[in-house]
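Structure at a glance
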Amino acid sequence: MEPQLEHTVADGVATVVISNPAKRNAMTAAMWRALPPLLDELAADREVRALVLTGAGPTFCAGADISSLRAPGPGEDPRSLAVGAEEALAAFPKPTLAAVRGHCVGGGCQLATACDLRFAEEGASFGITPARLGIVYASSSTRRLTALVGPATAKYLLFSAELIDSARALRTGLVDEVLPVGELDKRVAEFTRVLTARSQLTQAAAKEFANGRTDRDAYWTEQARGSGDTEEGVAAFLERRVPRFGWTASG
């Protein structure tokens, strides 16, 4: 099977699967290149209300396929491919969740940290490994990691290139939940049902604010005023029914 990014959309959730089983789902140059346009397509789909990123089989992603990155396209910087994919994932306008089994290393961890949330199965391991290769980790990636886990843990991971287990990842804030073996898919399905039932208006504004954007307060005030979501949410609460929010992140 050729290395590829597979995707499905069901019940408002887009699932993107990193599939390169022969190399523990390592990302090839073509896969890095394919991720931003795929995310653009899914962001524009009004049916998509949340996105899950995961790996095929028992591994999330073992990083970049170094052999493929030795022969990038004309004028391409191999490292910029990973950063471009990471930034596209971080900018996805709807909630994103990385569902992690097995190894989540190097570029795989880079992708996981670009998601809004990370759920892991017990036994998963995490590491950021540029120090093993003499690579300068991108400043944007370093800042995102540091914002997530704090300077001390970021330095530990980057200086040592050592792997940490799921318990330490949870303790340091690298992941949000750790599930027993066999329970990850069930929990992800349960949680994404919660996400798809909530107001996309609230989620989209909260995502921008939490990511540090400071120039869109007036925009979101105007969006809220014209959306009807607040009125619908209050009415549904008083009538003890499920709200039917109308605002969508794709316009």
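As a convention, each chain's residues are numbered from 1 in the sequence order in which they are written. In keeping with the model being predicted, local features are shown solely for residues with a pLDDT of at least 70 and side-chain atom pairs are shown and tallied solely at 80 or more, while totals for entire chains, interfaces and linings include all residues. Water and hydrogen atoms were dropped before computing side-chain values, which therefore reflect all heavy atoms in the structure.

1. Some words on helix α1 (residues 29-44)
Taken as a whole, α1 carries its principal kink of about 30° at Leu 35; the proline Pro 36 stands between one and four residues after it. A 1.4 Å probe rolled over the protein chains alone gives each residue an accessible area, and that area as a share of the maximum for its type sets the label: buried under 20%, exposed over 50%, partly exposed in between. For the purposes of this entry, the term helix denotes a DSSP run of H or I that reaches at least four residues, the term strand denotes a run of E that reaches at least two, and both are numbered from the N terminus. Among the residues making up α1, those that are buried are Ala 29, Met 31, Trp 32, Leu 35, Leu 38, Leu 39, Leu 42 and Ala 43. Here the bend at a residue is taken as the angle between two axes, fitted respectively to the seven residues that end there and the seven that start there.

2. Here we look at the packing of aromatic side chains
Planes of paired rings set the category: under 30 degrees apart is stacked, over 60 is edge-to-face and the rest tilted, where pairs are Phe, Tyr or Trp rings (Trp by its six-membered ring) whose centres lie within 6.5 Å. Throughout the structure, instances matching the rule amount to three aromatic pairs. One aromatic cluster is present, formed by Tyr 219, Trp 220 and Trp 247 through successive ring pairs. In this arrangement the basic side chain of Arg 168 is found over the ring face of Tyr 156, its NZ or CZ atom lying 4.2 Å from the centre. Charge-over-ring contacts are defined here by two conditions on Lys NZ or Arg CZ: a distance within 6 Å of the ring centre and an angle within 35 degrees of the ring normal. Its guanidinium or amino end placed over the ring of Tyr 219, Arg 216 lies 4.0 Å from that ring's centre, counting from NZ or CZ.

3. A look at the pairing of strand β1 (residues 4-10)
DSSP-based pairing: two strands are paired if at least 2 bridges between them are found. Relative to strand β2 (residues 13-19), β1 runs antiparallel, the two being bridged by seven bridges. Directly across from Glu 6, in β2, lies its bridge partner Val 17.

4. Describing unusual backbone geometry
Located in the positive-phi region is Ala 161, a residue other than glycine, with phi close to 60°. Checked against the element boundaries, Ala 161 lands in the loop between α6 (151-160) and β8 (164-165). Overall, the relative accessible area of 1% leaves Ala 161 in the buried class. A positive phi angle is found at Arg 240, which is not glycine, with a value near 55°.

5. Focus on the pattern of salt bridges
Close approach of charged atoms allows side chains with opposite charge to pair. One speaks of a salt bridge when a side-chain nitrogen belonging to Lys or Arg is within 4 Å of a carboxyl oxygen belonging to Asp or Glu. Evaluation of the coordinates by the stated rule reveals 14 salt bridges. Note that Arg 101 and Glu 121 form a salt bridge whose closest N and O atoms lie 3.5 Å from each other. In this pair, Arg 101 sits in the loop between β4 (96-100) and β5 (103-105) while Glu 121 sits in strand β6 (residues 117-121), placing the two residues 20 residues apart along the sequence. Arg 225 is the partner of Glu 222 in a salt bridge, and the nearest nitrogen-oxygen pair spans 2.7 Å. Linking Glu 222 with Arg 225, this pair stays in helix α10 (residues 217-227), spanning three residues, or about one helical turn. Given the relative accessible area of 56%, Arg 225 is considered exposed.

6. Regarding the packing of helix α4 (residues 107-114) against helix α5 (residues 139-149)
Where helices are involved, their axes are fitted lines through C-alpha atoms of the stretch in contact, as for all axes, and angles between N-to-C directions lie from 0 to 180°. Axis separation between α4 and α5 bottoms out at 10 Å; the angle between their running directions is 60°. On the basis of their axis angle, the class for α4 and α5 is oblique. Along this stretch, α4 crosses α5, giving a crossing that reads as left-handed. Judged by residue contacts, Gln 110, Thr 113 and Ala 114 of α4 engage Ser 141, Arg 144, Leu 145 and Leu 148 from α5. Across the contact of α4 with α5, the residue classes break down as three nonpolar, three polar and one charged. Relative orientations are named as follows: roughly parallel for angles under 35 degrees, roughly antiparallel for angles over 145 degrees, roughly perpendicular for angles from 65 to 115 degrees, and oblique for any other angle. We call a crossing left-handed when the near helix sits turned anticlockwise from the far one by less than a right angle, and right-handed when that turn is clockwise. Contact definition: two residues touch when any of their heavy atoms are within 4.5 Å. Residue classes follow a fixed rule: Ala, Val, Leu, Ile, Met, Phe, Trp, Tyr, Cys and Pro count as nonpolar, while Asp, Glu, Lys and Arg count as charged, and any other residue, Gly among them, counts as polar.

7. Section: the nonpolar core
Working definition of a nonpolar core: buried Ala, Val, Leu, Ile, Met, Phe, Trp, Tyr and Cys residues. They are joined through side-chain atoms within 4.5 Å. Within the largest apolar cluster, 47 residues are counted, with the highest numbers of intra-cluster contacts made by Ile 18, Leu 51, Leu 53, Phe 60, Leu 111 and Phe 126. At the level of secondary structure, the elements contributing two or more residues to this core comprise β2, α1, β3 (50-55), α3 (78-90), β4, α4, α5 and α6. At eight residues, α1 tops the list of elements feeding residues into this core. Discounting chain neighbours no more than four positions away, the residues touching Leu 53 are Val 16, Ile 18, Phe 60, Leu 89, Leu 97, Ala 98, Ala 99, Leu 111 and Cys 115. With eleven residues, the next largest nonpolar core counts Val 13, Phe 119, Leu 179 and Phe 191 among its residues.

8. A look at the packing of α5 against α6
Where α5 meets α6, the axes come as close as 7 Å, and the angle between the chain directions of the two elements is 130°. The angle between α5 and α6 falls in the class oblique. When the axes of α5 and α6 are compared, the crossing they make is right-handed. Contacts from Thr 142, Leu 145, Thr 146 and Val 149 in α5 reach Pro 151, Thr 153, Ala 154, Leu 157 and Leu 158 in α6. Its residues assigned to classes, the contact of α5 with α6 shows six nonpolar, three polar and no charged.

9. So, the environment of Pro 37
Structurally, the position occupied by Pro 37 is in helix α1. Along the backbone, Pro 37 and Thr 196 are 159 residues apart, and their C-alpha atoms lie at a distance of 23 Å.

Interpretation in functional terms is not warranted from these geometric data alone.
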